[in-house]
Amino acid sequence: MIEFTFWDILRNLLFATRWTVLLSAAAFIGGTVVGIAILMLRISKRSWARRFASGYIALFQGTPLLMQLFLMFFGLPMLGFRIEPWTAAVLALTFFASAYLAEIWRSGVEALPLGQWDAGASLGLHRVQELRLVILPQAFAITRAPVVGFLVQLIKGTALTSIIGFDELLRTSNAITNATFQPFTVYGLVAVIFFVLCYPLTQYARTLEKREFAH
């Protein structure tokens, strides 16, 4: 058994935490970009676009994230695409996040009164301008709380990427546990780190909800 002090364990876990944070940030940014594109298709006047977006959302919401990670990491190489754990993790989490974010924002769009569309049309704006200048800013504003809440779920979801060999917080903790035989200490610290990452966001989401209800 390798002798690790408490501070050795904590230092290694904190070092691994940066990869969890980077992966969460990359997936959230990617999910935002792709999610906006899916949202535009979801609320399009073209039926084929709405059907495609609905199918995309149903696929990524209706299948386990773990399976999506497996398909990215083990499936793409069988099609001739060499992929690293980091890339597979980012892609899988991006597609996963985009499906949920698109639906969250769609609910925001549908919550707006029809008069908002009429107001944009009365100003002579075409549909893209209406969305960009009138509809989407309001939809994003009223859905901030569920978006932040989903970010918390995304951060916790990064733990699944340890299965495909990505060295984030959980995979590092498993390696440390195997070396030190101190599972209570190691996994206890992992729980504390995830709590520190997620609790402020959870509280922020609740604050946004209360602020929204107050209006």
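Residues numbered from 1 in each chain as written. Predicted model: local features only at pLDDT ≥ 70, side-chain atom pairs only at ≥ 80, totals over all residues. Heavy atoms only, no water.

(A) Local environment of the nonpolar core. Counting residues in hydrophobic clusters, the biggest one holds 48 residues, and the most contacted among them are Leu 13, Val 109, Ile 135, Phe 150, Leu 154 and Leu 169. Those elements that provide at least two residues to this core are α1 (6-42), α3 (65-78), α4 (85-111), α6 (127-142), α7 (144-157), α8 (169-180) and α9 (183-214). When residues in this core are grouped by element, the largest group, 11 residues, is from α4. Residues within four places of Leu 13 in sequence aside, it is in contact with Leu 169, Ser 173, Ile 176, Val 186, Leu 189, Val 190 and Ile 193. Residues Ile 38, Ala 53, Phe 60 and Ala 102 belong to the second largest nonpolar core, which totals 7 residues. (Core = buried A, V, L, I, M, F, W, Y, C linked by side-chain atoms within 4.5 Å. Buried < 20%, exposed > 50% of the residue type's maximum accessible area, 1.4 Å probe, protein only. Helix = DSSP H or I, 4+ residues; strand = E, 2+ residues; numbered from the N terminus. Contact = heavy atoms within 4.5 Å.)

(B) Fine view of unusual backbone geometry. One non-glycine residue, Phe 181, lies in the positive phi region at around 55°. Within the secondary structure layout, Phe 181 lies in the loop between α8 and α9.

(C) Molecular detail of the packing of helix α2 (residues 47-61) against α4. Packing of α2 against α4 leaves a shortest axis separation of 9 Å and a crossing angle of 120°. By the angle class used here, α2 and α4 are oblique. For the crossing formed where α2 meets α4, the hand is left-handed. Where α2 abuts α4, its residues Tyr 56, Ile 57, Phe 60 and Gln 61 lie against Phe 95, Phe 96, Ser 98, Ala 99, Tyr 100, Ala 102 and Glu 103. (Axes fitted to C-alpha atoms, helices over the stretch in contact; angles between N-to-C directions. Parallel < 35°, antiparallel > 145°, perpendicular 65-115°, else oblique. Left-handed = near helix turned anticlockwise from the far one by under 90°.)

(D) Focus on the side chain of Ser 98. Its location among the elements puts Ser 98 in helix α4. According to the relative accessible area criterion, Ser 98 is buried, its value standing at 0%. Within the structure, Ser 98 has its side chain in polar contact with the side chain of Tyr 56 (distance 2.7 Å). For Ser 98, the contacting residues outside a window of four places in its chain are Gly 31, Val 34, Gly 35 and Tyr 56. (Polar contact = N/O pair within 3.5 Å; in protein donor to acceptor, adjacent residues only side chain to side chain.)

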